[in-house]
Amino acid sequence: MRSLLLLLVMFSAPVMGCELPFPNLGKAWCLVPAANDSQAGVYRVSGKDLLVRLSDRLIVRANGFTRESLQALDSRIEAVSELYLMDDAAYYSVSVGIRDRLPVVIRSLSEVQGISLVQPDILQLREKHAADVSTPTPPTYLTQLGIPELWPATPQGRGVRVAVIDDGFDLEHEELTHTQVIFSYDTASRSQDVSPGGEDDSHGTRVAGAIFAAHNGVGIDGIAPQASLIAIRQPDTWTSDTLLSFYLSKLSQADIVNASWRSEWLLEPVADIVADLAQNGRRGKGSAVVFSAGNNGMELTGEDSEAQLQAAVVIGAANGQGQRMRFSNYGQSVDLYVYGKASPAVVPGGYGRFSGTSLSAAVASGYFALLLSQDPSLTLHQLVARLQQRLFLYQSSLQGPES
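The rules behind each value
Note on numbering: residues in each chain are counted from 1, in written sequence order. Two thresholds apply to this predicted model, a pLDDT of at least 70 for residue-level local features and 80 or more for giving and counting side-chain atom pairs, whereas whole-chain, interface and lining totals are computed over all residues. In computing side-chain values, all of the structure's heavy atoms are included and hydrogens and water are not. Grid points spaced at 1 Å over the protein atoms alone were grouped into cavities, where a 1.4 Å probe fits but cannot get out, and pockets, open sets with protein on both sides within 12 Å along at least five of seven lines, with lining residues defined by an atom within 4 Å of a point. Grid points are joined across faces, edges and corners, and a volume is the space filled by probe spheres set on the points. Comment: elements are numbered from the N terminus, with helices defined as DSSP H or I runs of at least four residues and strands as E runs of at least two. Amino acids are sorted into nonpolar (Ala, Val, Leu, Ile, Met, Phe, Trp, Tyr, Cys and Pro), charged (Asp, Glu, Lys and Arg) and polar (every other residue, Gly among them). Within this document, salt bridges are pairs made up of a side-chain nitrogen of Lys or Arg and a carboxyl oxygen of Asp or Glu, the two lying within 4 Å of each other. Only protein chains enter the accessibility calculation, which uses a 1.4 Å probe; a residue whose area is less than 20% of its type maximum is buried, one above 50% is exposed, and one in between is partly exposed. Here the aromatic set is Phe, Tyr and Trp, taking the six-membered ring for Trp, and pairing holds for ring centres within 6.5 Å; pairs whose planes are under 30 degrees apart are stacked, those over 60 apart are edge-to-face, and all others are tilted. Think of it as a cone above the ring: NZ of Lys or CZ of Arg counts as a charge over the ring if it is within 6 Å of the ring centre and within 35 degrees of the ring normal.

## Some remarks on the layout of surface pockets
Over the atoms rolls a probe the size of a water molecule, and its path tells where empty space is left.
Here is step 1: Each pocket or cavity is described by its volume, and for the largest pocket that value is around 410 Å³.
Here is step 2: Looking at the largest pocket, it is lined by 18 residues, and the ones nearest its centre are Gln253, Ala254, Asp255, Arg282 and Arg283.
Here is step 3: Of all the elements in the fold, those that place two or more residues in the lining of the largest pocket are helix 8 (268-280) and helix 9 (356-374).
Here is step 4: The residue makeup of the lining of the largest pocket, split by class, is five nonpolar, six polar and seven charged.

Here it is in structure tokens:
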């Protein structure tokens with residue numbers, strides 16, 4: 001309701017030069033065409049140093065509508081598709097055919113009872129968080145968390161479903177051919193082929209390797225090699241694709257969703273669906289949605305990115321002594337600091353290095369998978385507490401016995 005009131009205020013008193021006003025997380029925002037780029041759909045977010053691209057699509061949160069009844073609300077709507085269904089509402093992608101129609105259709109839909117949010121579908125820069133650390137070190141995260149000792153005592157992730165939302169996956173790699181892939185989808189091609197799209201398309205393979213790599217005597221050993229993979233390739237940041245990626249994770253009954261990235265700007269639909277998974281996933285025990293804190297070395301304040309979501313599990317990077325690394329972002333929203341120094345990794349076609357809060361998030365996700373394979377009754381809060389306890393014990397062991 002607050003978002004709807006904000007929309008009505010904005011449209012009744014339009015901002016000078018604001019071509020496209022809309023609400024987000026209780027604030028009024030304005031998109032202004034970027035110089036010489038308006039024809040290309042590039043806009044500047046007023047009050048932020050951020051450029052975004054628009055299409056002809058809107059993101060609509062509604063309750064009590066079908067796709068057909070939503071499309072019937074305005075003759076300018078050409079197509080409607082479901083993006084994410086919740087118990088009390090649903091998110092839809094609404095296409096209006098021509099980008100110039102966006103403002104008037106936003107205003108039209110915002111006045112309809114049962115519609116609580118209308119935003120343009122936005123493409124923004126998303127950061128992956130593999131830091132460039134020049135001095136390679138062994139995969140200390142295994143010993144730091146006591147993972148080898150857990151392998152004989154757990155099914156090594158068997159029965160646990162881990163969704164990884166990232167760029168491409170080299171599922172033909174010798175370390176991943178054993179992995180049970182229960183679902184795969186590429187939001188760009190709308191196909192089940194999640195193969196890397198080029199040389200730079202390696203981040204998803206590195207994340208998957210840390211979690212799932214085979215214990216085959218070569219390369220690296222994955223943390224939870226018997227877990228099942230939900231591989232979702234999302235190489236862009238359209239809000240609609242992000243909602244779809246998380247919804248596919250939900251439909252595939254993901255216990256853990258690994259997102260080793262964060263966006264420049266947190267949008268309300270993403271905050272909604274993360275909260276839904278954390279509260280209602282795993283039949284009410286809560287799915288762990290794991291985000292990277294980021295590698296900018298800054299304090300996270302406000303509501304700028306997914307790394308500030310209280311419902312998410314936000315992971316920063318630590319060194320071999322369990323202390324936060326200088327490059328890792330920090331702040332109240334960061335739940336844990338997990339090993340993030342340069343480590344051996346699986347890359348498309350071979351082996352390389354992996355580091356930063358991306359690695360830290362993958363390690364946390366793999367550890368959660370081990371715990372859940374041993375005890376599926378654990379709640380989200382209990383999972384986080386178990387990892388916190390393990391990290392505390394490790395740091396205590398470095399200090400030695402009291403004299």
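From this point, the discussion proceeds with the structure in view.
## Here we look at the pattern of salt bridges
Here is step 1: Tallied over the entire structure, the rule returns 12 salt bridges.
Here is step 2: Here Glu78 makes a salt bridge to Arg101, at a shortest N to O gap of 3.5 Å. Of the two residues, Glu78 sits in the loop between helix 2 (67-71) and strand 5 (79-85) while Arg101 sits in the loop between strand 6 (90-95) and helix 3 (102-110), which places them 23 residues apart along the sequence.
Here is step 3: Across the salt bridge formed by Asp241 and Arg190, the nearest N and O atoms sit 3.3 Å from each other. With Asp241 in helix 7 (residues 239-251) and Arg190 in the loop between strand 10 (180-186) and helix 6 (203-212), this residue pair connects regions lying 51 residues apart in the sequence.
Here is step 4: On the accessibility criterion, Arg190 (47% relative accessible area) is partly exposed.
Here is step 5: Counted as one network, the salt bridges with shared partners bring together Arg61, Glu268 and Asp272.

## Here we look at the packing of aromatic side chains
Here is step 1: For the structure on display, the rule yields seven aromatic pairs.
Here is step 2: A centroid spacing of 6.4 Å and a plane angle of 50° characterise the contact between Tyr141 and Tyr339, whose relative ring orientation is tilted. On the criterion of sequence distance, the pair formed by Tyr141 in helix 4 (residues 140-144) and Tyr339 in strand 16 (residues 336-339) is long-range, its members being 198 residues apart. Tyr339 shares its class with Tyr141; the two are buried.
Here is step 3: A centroid spacing of 5.4 Å and a plane angle of 85° characterise the contact between Trp261 and Phe291, whose relative ring orientation is edge-to-face. Linking Trp261 in strand 13 (residues 261-263) with Phe291 in strand 14 (residues 288-292), this pair joins segments that are 30 residues apart in sequence.
Here is step 4: The buried category is assigned to Phe291, whose relative accessible area is 0%.
Here is step 5: If you follow Arg57 out to its NZ or CZ, it ends over the ring of Trp238, 4.9 Å from the centre.

## Side note on empty space enclosed by the protein
Here is step 1: Taken as a whole, this structure holds one cavity of 30 Å³ or more when the rule is applied.
Here is step 2: As a volume, the largest cavity reaches approximately 80 Å³.
Here is step 3: Around the largest cavity sit 11 residues that line it, and Gln124, Thr237, Thr242, Ser263 and Glu306 are the ones nearest its centre.
Here is step 4: For the lining of the largest cavity, the secondary-structure elements that each account for two or more residues are helix 7 and strand 13.

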